[in-house]
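# Observations on chain architecture
Take a look at the letters that make up each chain.
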Amino acid sequence: MAIEIVVLAYATGAEAIMVLLLTIPGLGPLRTGLIAVIRNLLKPFLSIVPFSLFMFMDIYWKYENRLDCESSNTCTPNDHLRQQKALMKSQRNMLLIITALVFYWMLFSVTRMVITIEQLNARIEKLKNRD
């Protein structure tokens, strides 16, 4: 599961950088090329959604089938430590999954909003030139 987490972390980082670049003011002519690249990347990045859901189900399954050390005295201190580590990793991974989904949603929304603003600005210029 470690390679999946690394892939998801890199994809989340790429999404965060793209959102940051889209929202930085003053990029001007660079923005049109950036929007074209991001629009082409939105469909491949959509695979993050089922990938995240699969990882969520994996974490949930591991949580439900973990060793229960609270109710019995059969666990050693090593077992308690292992259980606490696994719980911390699961929480970290769940946070990464949620972050990946939120950044994808933000990237999609911001890209759609920027495209709409550019279309409206083009209409305004067209109407100004017509008058």
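Within each chain, residue numbers correspond to sequence positions counted from 1 in written order. Where totals are concerned, whole chains, interfaces and linings use all residues; where local detail is concerned, this predicted model gives features only for residues with pLDDT of at least 70, and gives and counts side-chain atom pairs only at 80 or more. Calculated side-chain values reflect all of the structure's heavy atoms, with hydrogen atoms and water omitted.

### With respect to the environment of Tyr60
Only DSSP runs of H or I covering at least 4 residues are called helices, and only runs of E covering at least 2 are called strands; the numbering of each starts at the N terminus. Tracing the backbone shows Tyr60 in helix H3 (residues 48–64). A sequence separation of 48 residues divides Tyr60 from Phe108, and the C-alpha atoms of the two residues are 27 Å apart.

### A few points about the pattern of salt bridges
Put simply, a salt bridge is a Lys or Arg side-chain nitrogen that is within 4 Å of an Asp or Glu carboxyl oxygen. If you walk through the whole model with that rule in mind, you get two salt bridges. Across the pair Asp58 and Lys62 runs a salt bridge, and its minimum N-O distance is 3.6 Å. Remark: Lys62 and Asp58 occur in helix H3; sequence separation between them is four residues, near one turn of the helix. When the shortest N-O distance is used, the salt bridge between Asp79 and Arg82 registers 3.1 Å.

### Points about the environment of Leu21
Looking at where Leu21 falls in the secondary structure, it is placed in helix H1 (residues 2–23). Judged by relative accessible area, Leu21 falls into the partly exposed class, the value being 33%. Sequence separation of Leu21 and Leu101 is 80 residues, and the distance between their C-alpha atoms is 18 Å. Should any heavy atoms of two residues lie within 4.5 Å, those residues are counted as being in contact. Setting aside residues no more than four positions away along its own chain, Leu21 makes contact with Leu27, Arg31 and Leu34. Burial classification: accessible surface area is computed with a 1.4 Å probe over protein chains only, and a residue below 20% of its type maximum counts as buried, one above 50% as exposed, and the rest as partly exposed.

### Quick notes on the nonpolar core
Within soluble globular proteins, side chains that are nonpolar generally end up buried alongside one another. Within this scheme, the nonpolar core is defined by two criteria: the residues are buried Ala, Val, Leu, Ile, Met, Phe, Trp, Tyr or Cys, and they are joined through side-chain atoms within 4.5 Å. Core analysis: the largest hydrophobic core is formed by 22 residues, its most contacted members being Leu8, Leu22, Ile38, Phe45, Ile48 and Leu107. Breaking this core down by element, the ones donating at least two residues are H1, helix H2 (29–45), H3 and helix H4 (77–130). With eight residues, H4 is the largest single contributor of residues to this core. If sequence neighbours within four positions are ignored, Ile48 has contacts with Leu8, Ala11, Glu15, Ala100 and Leu101.

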